[in-house]
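Listed below, chain by chain, are the residues.
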Amino acid sequence: MELFNKSEFNERRKKLYKKLSSGDIVIVPSAPTRYKSGTVEYLYKQDSNFYYLTGINEENCTFVMAKIGIKKYEALFIEENNPNIETWTGRRLSADEVKDINGMESVFYNDKCEDYMNSLLANGETLYYSYKQTGMNSPLDEDMNRIESLRKHFPNLTYIKNANQLIFPLRTIKSPSEVKAMEKAIEYTAEGVLNVLRKAKPGMFEYQLRAEIEYEFLRNGSRQPGFNTIVASGKNAAVLHYVSMKDVVKKNDLILIDIGADCCNYSADISRTFPSSGKFTGKKRDLYAALLDIQKTLIQFVKPGRSMREVDEKTIKLISKMLKSFKYIKDESGYFKYYPHSVGHMLGLDTHDVQGIQRKKPVLKEGMVVTIEPGVYIKEDSIGIRIEDDILVTKKGRRNLSADIPKEIDAIEDIMEG
């Protein structure tokens, strides 16, 4: 399924070029092939910045844009099809096919890349290179080694910066086509939720529930999850990113799922919690109902002009009050033991989208998509509950893109009863 046309990619690149000053060069490489072990590859996932600007899902490609004086440069370098390799991994896109996808005029094969780059870099002042930030003790990856080489070969480059600071602000506001891609990903995710609600029962392994979810992703058209599926039962639901999924679901367990299908590289991100027995009972029912009320209040709190920091602060107040009412804490300062994460994050090409901006707790603007996902994790009672929806910020408020995925107690119980 393709939801984007060449005019959209052209418009994105125009916006990027407007941010450049004379002497600026932007380099965005495609994602490398990653290996599980030996020659066994992971299913390929394109670099988000590269896809955003080019719409291409192939490796060994490089996007280049520059402003030297008043002259604009824009080119895409791709791997030329090799009949011998084609036998093993399939045919690659031709230059003309790439132009049809993204509207670029200058698409060349990689044998032209070095000469083109040398000419630009020798006349540039600031290089914006798209790379993933790592810690100071992490080994240098291919991109970081390439940046170091460029620094040595072109001492005229006064600054080398992360291209994220130019591209992330553009990715923050979603176009109508991007919202459609996310809505489609949410539709696939909804089918996974419904299937696991119908199939879940005590005695199943958590990984079997994962299979029921991801089967629906694939059956409906999603090639892969947007992130690692989480299915956590009982005490495991109090582990925020529990991914081993090796335990047997017990009677009266609560099961927490955190899942999201992918559509055109855009991700959904949905959390639901439900009882293995098909009925919410006792304290678990009361906790779930209280958290659901909080989540609904927080969704209504989302609107343009409010910051994610304000939403976080309101979440802490509401969850602290809830935890006090259930006698888990005596004052607000104790909330972190049971609620150790923020209320949400931006969503898009990455599940935790445009992370550099997200860390700054941005002011919400029309066109942003954020998750709202309050949770409580009570290890001593083997309880973990999280309820998460994907929210589009609109001109005057918000729209819950995942509103049709059941989360009311009666609705969940009705589906599980069949």
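No experiment lies behind these values; they were computed from the predicted model shown.

Structural notes on the overall build of the protein chain
Along the protein chain, the regular secondary structure elements total 13 helices and 18 strands. What you see for the protein chain is a C-alpha radius of gyration of 24 Å, in line with the 22 Å of a compact globule of 418 residues. For the C-alpha atoms alone, the extent of the protein chain along its principal axes is close to 70 × 50 × 40 Å. Burial analysis of the protein chain (418 residues in total) assigns 51% to the buried set. Within the protein chain, residue pairs in contact and separated by at least 24 positions form 71% of the contacts whose partners lie at least 6 positions apart. In the form shown here, the protein chain has an accessible surface area of approximately 20,100 Å², with 49% of it arising from carbon and sulfur atoms. Charge separation in the protein chain, taken as the distance between the mean sites of 63 positive and 59 negative side-chain charges, equals 5 Å.

Considerations on the packing of aromatic side chains
What describes a pair of aromatic rings is the distance from one ring centre to the other and the angle between the planes of the rings. On inspection of all chains with the given rule, the structure shows eleven aromatic pairs. Judged by centre distance (5.4 Å) and plane angle (50°), the rings of tyrosine 328 and tyrosine 338 are tilted. Here tyrosine 328 is found in the loop between helix 11 (308-325) and helix 12 (355-358), whereas its partner tyrosine 338 is found in the loop between helix 11 and helix 12, with ten residues between them in sequence. With respect to class, tyrosine 328 is no different from tyrosine 338; both count as buried. When the centroid spacing of 6.4 Å and the interplanar angle of 45° are considered together, the rings of tyrosine 335 and tyrosine 339 count as tilted. In this structure, tyrosine 335 and tyrosine 339 share a single accessibility class: buried. Members of the aromatic cluster, connected to one another through ring pairs, are Phe4, Phe9, Tyr51 and Tyr266. The ring of tyrosine 17 carries lysine 72 above its face, with NZ or CZ at 4.9 Å from the centroid.

A few points about the sheet that holds strand 13 (residues 270-275)
One open sheet accounts for three strands, arranged 9-10-13; its pairing is antiparallel. Here the strands that pair on one side only, and so sit at the sheet edges, are strand 9 (230-233) and strand 13. Across the sheet, the mean angle from the axis of one strand to that of its neighbour is 15°, orientation sign disregarded. Sheet analysis places strand 10 (residues 254-259) next to strand 13, joined by six bridges and oriented antiparallel. When the sheet's bridge partners are listed, leucine 256 is paired in strand 13 with threonine 273.

Focus on the packing of helix 1 (residues 6-18) against helix 7 (residues 164-172)
In a packed pair of helices, the relevant descriptors are the angle between the two axes and the axis-to-axis distance. Relative to each other, helix 1 and helix 7 sit at 135°, their axes nearing to 10 Å. The angle between the axes of helix 1 and helix 7 places the two elements in the oblique class. The handedness of the crossing between helix 1 and helix 7 is right-handed. Touching Arg12, Lys15 and Leu16 of helix 1 are Leu166, Ile167 and Leu170, all from helix 7.

Focus on unusual backbone geometry
Positive phi, normally seen in glycine, also occurs at asparagine 252, with a value near 75°. As for its position among the elements, asparagine 252 is in the loop between strand 9 and strand 10. In this structure asparagine 252 comes out as partly exposed when scored by relative accessible area, which is 41%. You will see that asparagine 265, though not glycine, has its phi angle at about 75°, which is positive. Relative to the elements of secondary structure, asparagine 265 occurs in the loop between strand 11 (262-263) and strand 12 (266-267). Residue classification places asparagine 265 among the buried residues on the basis of a relative accessible area of 9%.

Description of the pattern of salt bridges
Tallying each qualifying case throughout the model produces 28 salt bridges. A salt bridge links aspartate 353 to lysine 174, with the shortest nitrogen-to-oxygen separation between them at 3.2 Å. Taken as a pair, aspartate 353 in the loop between helix 11 and helix 12 and lysine 174 in the loop between helix 7 and helix 8 (176-199) lie far apart in primary sequence, 179 residues in all. For the pair shown, aspartate 353 and lysine 174 are each scored as buried. Aspartate 247 serves as the salt-bridge partner of lysine 246, at 3.4 Å between the closest nitrogen and oxygen. Judged by its relative accessible area of 53%, lysine 246 falls in the exposed class. Owing to a relative accessible area of 18%, aspartate 247 belongs among the buried residues under this scheme. Three or more residues are tied together by salt bridges with common partners; here these are Arg171, Lys174, Asp350 and Asp353.

Focus: the nonpolar core
Membership of the largest hydrophobic core comes to 107 residues, with the highest contact counts inside it found for Leu16, Val26, Phe63, Leu76, Ile257, Phe274 and Ile385. Among the nonpolar cores identified, the runner-up in size contains 19 residues, and Ile27, Val64, Tyr131 and Ile160 belong to it.

Regarding the sheet that holds strand 17 (residues 389-393)
Strand order in the open sheet formed by three strands is 14-17-18, with antiparallel pairing between adjacent strands. The sheet is open, and its two borders are formed by strand 14 (369-372) and strand 18 (398-400), each paired with just one other strand. Ignoring which end each strand starts from, the neighbouring axes of this sheet average 35° apart. One ladder, built from three bridges, connects strand 17 with strand 18; its direction is antiparallel.

Examining helix 1
Taking 1.5 Å of rise per residue, 13 residues should cover 18 Å, and helix 1 covers 19 Å from first to last C-alpha, within 8% of that figure. Glu8, Phe9, Arg12, Arg13, Leu16 and Tyr17 are the residues of helix 1 that are buried.

Concerning the environment of leucine 298
Structurally, leucine 298 can be placed in helix 10 (residues 282-301). Under the relative-accessibility criterion, leucine 298 is labelled buried at 0%.

About the cut-offs
- Residues numbered from 1 in each chain as written.
- Predicted model: local features only at pLDDT ≥ 70, side-chain atom pairs only at ≥ 80, totals over all residues.
- Heavy atoms only, no water.
- Helix = DSSP H or I, 4+ residues; strand = E, 2+ residues; numbered from the N terminus.
- Rg over C-alpha atoms; globule rule 2.2 N^0.38 Å.
- Buried < 20%, exposed > 50% of the residue type's maximum accessible area, 1.4 Å probe, protein only.
- Contact = heavy atoms within 4.5 Å.
- Areas by Shrake-Rupley, 256 points an atom, 1.4 Å probe, with all protein chains shown as cover.
- Lys, Arg positive; Asp, Glu negative; His and termini not counted.
- Charge placed at Lys NZ, Arg CZ, Asp CG, Glu CD.
- Phe/Tyr/Trp six-rings, centres within 6.5 Å; stacked < 30°, edge-to-face > 60°.
- Lys NZ or Arg CZ within 6 Å of the ring centre and 35° of its normal.
- Pairing = 2+ DSSP bridges.
- Axes fitted to C-alpha atoms, helices over the stretch in contact; angles between N-to-C directions.
- Parallel < 35°, antiparallel > 145°, perpendicular 65-115°, else oblique.
- Left-handed = near helix turned anticlockwise from the far one by under 90°.
- Salt bridge = Lys/Arg side-chain N within 4 Å of Asp/Glu carboxyl O.
- Core = buried A, V, L, I, M, F, W, Y, C linked by side-chain atoms within 4.5 Å.
- Expected span 1.5 Å × (residues − 1).

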